[in-house]
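Single-letter residue listing:
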Amino acid sequence: MYKLYDLSLSGHCHRARLFLDLMGLPYECVPVDLMSGEHKDEDYVKRNPFAKVPLLEDDDTLIRESNAILVYLALKHRARDWYPVEDAKTAAEIQQWLNVAANEVLQGPAKAYVARVFGGSDEVYKEGVENSHKLYAVMDPLLEDRDWLVSNRPTLADVALYSYISRAPLSGVDISAYGNIQRWLENVEGLTGFVAMPDPALDAA
Ligand SMILES: N[C@@H](CCC(=O)N[C@@H](CS)C(=O)NCC(=O)O)C(=O)O
């Protein structure tokens, strides 16, 4: 069975859990206590020299980086609908969004969420909010008349973008002006197997 080294309130970890759940794949969550520095312990660093979660363990295969975990699972389970690798254009479009998840989402929605939930300076929070609006202003028109980011069905792109963006309201980022993004979030939430990110007020793990 897969082992996912995990922090429940992390959007990067939720990204991996969400896809495992959407795929209906059994896995064991191994909580890593970042507050006590468990991710810097010798044992953990041997598994992931970058000392970050999530990390997926599949017998003796270790996959770090949340987007790489999505790609690994999709390819291993031949989930061509989630990641149609034979179709160069669609696969490249998905890759574009994975890069947006690793860049614009990190600098915007993720930064605002982490500053709000885990504590960050006002300056960092403000930067996260500003960058979120920059991203949403580009993303919202791209979702006009579309249910999904790429093609006409959910793909890895939707999974990679969902977690931190879904936490915008909780992070104090007003998304009421972005109707297409709100509709798209609901589409992801309607998928069979969907699991929401935990509420920080209820789950302090
Ligand atoms: N690019 C990585 C980012 C993962 C990441 O930043 N994880 C955070 C938790 S959300 C972490 O482990 N931080 C520990 C640290 O930076 O010391 C991914 O996509 O998996």
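Since this is a predicted model, take the numbers as computed values, not measurements.

The rules behind these values
Residues numbered from 1 in each chain as written. Predicted model: local features only at pLDDT ≥ 70, side-chain atom pairs only at ≥ 80, totals over all residues. Heavy atoms only, no water. Near = heavy atom within 4 Å. Polar contact = N/O pair within 3.5 Å; in protein donor to acceptor, adjacent residues only side chain to side chain. Areas by Shrake-Rupley, 256 points an atom, 1.4 Å probe, with all protein chains shown as cover. Nonpolar A, V, L, I, M, F, W, Y, C, P; charged D, E, K, R; others polar. Phe/Tyr/Trp six-rings, centres within 6.5 Å; stacked < 30°, edge-to-face > 60°. Buried < 20%, exposed > 50% of the residue type's maximum accessible area, 1.4 Å probe, protein only. Lys NZ or Arg CZ within 6 Å of the ring centre and 35° of its normal. Core = buried A, V, L, I, M, F, W, Y, C linked by side-chain atoms within 4.5 Å. Helix = DSSP H or I, 4+ residues; strand = E, 2+ residues; numbered from the N terminus. Pairing = 2+ DSSP bridges. Right-handed = clockwise from strand over helix to strand, strands pointing away. Patch = residues over 30% accessible without salt bridge, like charges linked within 9 Å, V, L, I, M, F, W, Y side chains within 5 Å. Salt bridge = Lys/Arg side-chain N within 4 Å of Asp/Glu carboxyl O. Lys, Arg positive; Asp, Glu negative; His and termini not counted. Charge placed at Lys NZ, Arg CZ, Asp CG, Glu CD. Axes fitted to C-alpha atoms, helices over the stretch in contact; angles between N-to-C directions. Parallel < 35°, antiparallel > 145°, perpendicular 65-115°, else oblique. Left-handed = near helix turned anticlockwise from the far one by under 90°. Contact = heavy atoms within 4.5 Å.

## Remarks on the site of the ligand
Right, so step 1: Residues in contact with the ligand, as listed here, are Ser10, His12, Leu34, His39, Ala51, Lys52, Val53, Pro54, Glu65, Ser66 and Tyr164.
Right, so step 2: Here an oxygen atom of the ligand and a side-chain polar atom of lysine 52 are 2.9 Å apart.
Right, so step 3: Between the ligand and serine 66 there is a distance of 2.7 Å, counted from an oxygen atom to a side-chain nitrogen or oxygen.
Right, so step 4: In the complex, 73% of the free accessible area of the ligand, which totals 510 Å², lies under the protein chains.
Right, so step 5: Of the residues in the shell around the ligand, the class split is five nonpolar, four polar and two charged.

## Considerations on the packing of aromatic side chains
Right, so step 1: Tallying each qualifying case throughout the model produces six aromatic pairs.
Right, so step 2: Both rings, one in tyrosine 113 and one in phenylalanine 118, keep their centres 6.4 Å apart while their planes meet at 85°; by these two values the pair is edge-to-face.
Right, so step 3: Judged by its relative accessible area of 36%, phenylalanine 118 is partly exposed.
Right, so step 4: A connected cluster of aromatic rings, assembled from ring pairs, spans Tyr113, Phe118 and Tyr164.
Right, so step 5: When the ring centre of tryptophan 82 is taken as reference, the NZ or CZ atom of arginine 153 above it lies at 5.2 Å.

## Some points on the nonpolar core
Right, so step 1: In terms of nonpolar packing, the biggest core is built from 59 residues, with Met139, Leu156, Leu161, Ile165 and Trp184 touching the most fellow members.
Right, so step 2: The element contributing the most residues to this core is helix H7 (residues 156–166), with eight residues.
Right, so step 3: Grouped together as the second largest cluster of nonpolar side chains are seven residues, Cys13, Val32, Tyr44 and Leu55 included.

## Notes on the pairing of strand E2 (residues 27–31)
Right, so step 1: One ladder, built from five bridges, connects strand E1 (residues 2–6) with E2; its direction is parallel. For tyrosine 2, the partnering residue across the bridge sits in E2 and is tyrosine 27.
Right, so step 2: In this region the chain leaves E1, passes through helix H1 (residues 11–22) and returns to the parallel neighbour E2; the handedness of that crossover is right-handed.

## A short note on a negative patch on the surface
Right, so step 1: Side chains of Asp33, Glu38, Asp41, Glu42 and Asp43 sit close together on the surface and give a patch of like negative charge.
Right, so step 2: With respect to the element layout, aspartate 33 can be found in the loop between E2 and helix H2 (42–47).

## Some details on the sheet that holds strand E4 (residues 61–64)
Right, so step 1: Reading across from one edge, E2-E1-E3-E4 is the order of the four strands in this open sheet, with mixed pairing throughout. A strand with exactly one partner marks an edge of an open sheet, and here the two such strands are E2 and E4. Pairwise comparison of adjacent strand axes, ignoring direction, gives a mean angle of 20° for this sheet.

## Concerning the packing of H1 against H7
For any two helices packed against each other, one specifies the crossing angle of their axes together with the interaxial distance.
Right, so step 1: At a minimum axis separation of 8 Å, H1 and H7 run at an interaxial angle of 135°. Between H1 and H7, the angle falls in the class oblique. Seen along the crossing, H1 lies across H7 with a hand that is right-handed. Residues Gly11, His12, His14, Arg15, Leu18, Phe19 and Leu22 of H1 touch H7, and the partners they reach there are Leu156, Val159, Ala160, Tyr162, Ser163 and Tyr164.
Right, so step 2: Tallied by class, the residues present in the contact of H1 with H7 amount to eight nonpolar, four polar and one charged.

## A few points about the side chain of aspartate 158
Right, so step 1: For aspartate 158, the position within the fold is in helix H7.
Right, so step 2: For the buried aspartate 158, no salt bridge is present, and the opposite-charge side chain at shortest range is arginine 153, 7.4 Å distant.
Right, so step 3: Setting aside residues up to four positions removed in sequence, aspartate 158 forms contacts with Trp148, Leu149, Arg153, Trp184 and Val188.

These results come straight from atomic positions and should not be treated as a statement about function.
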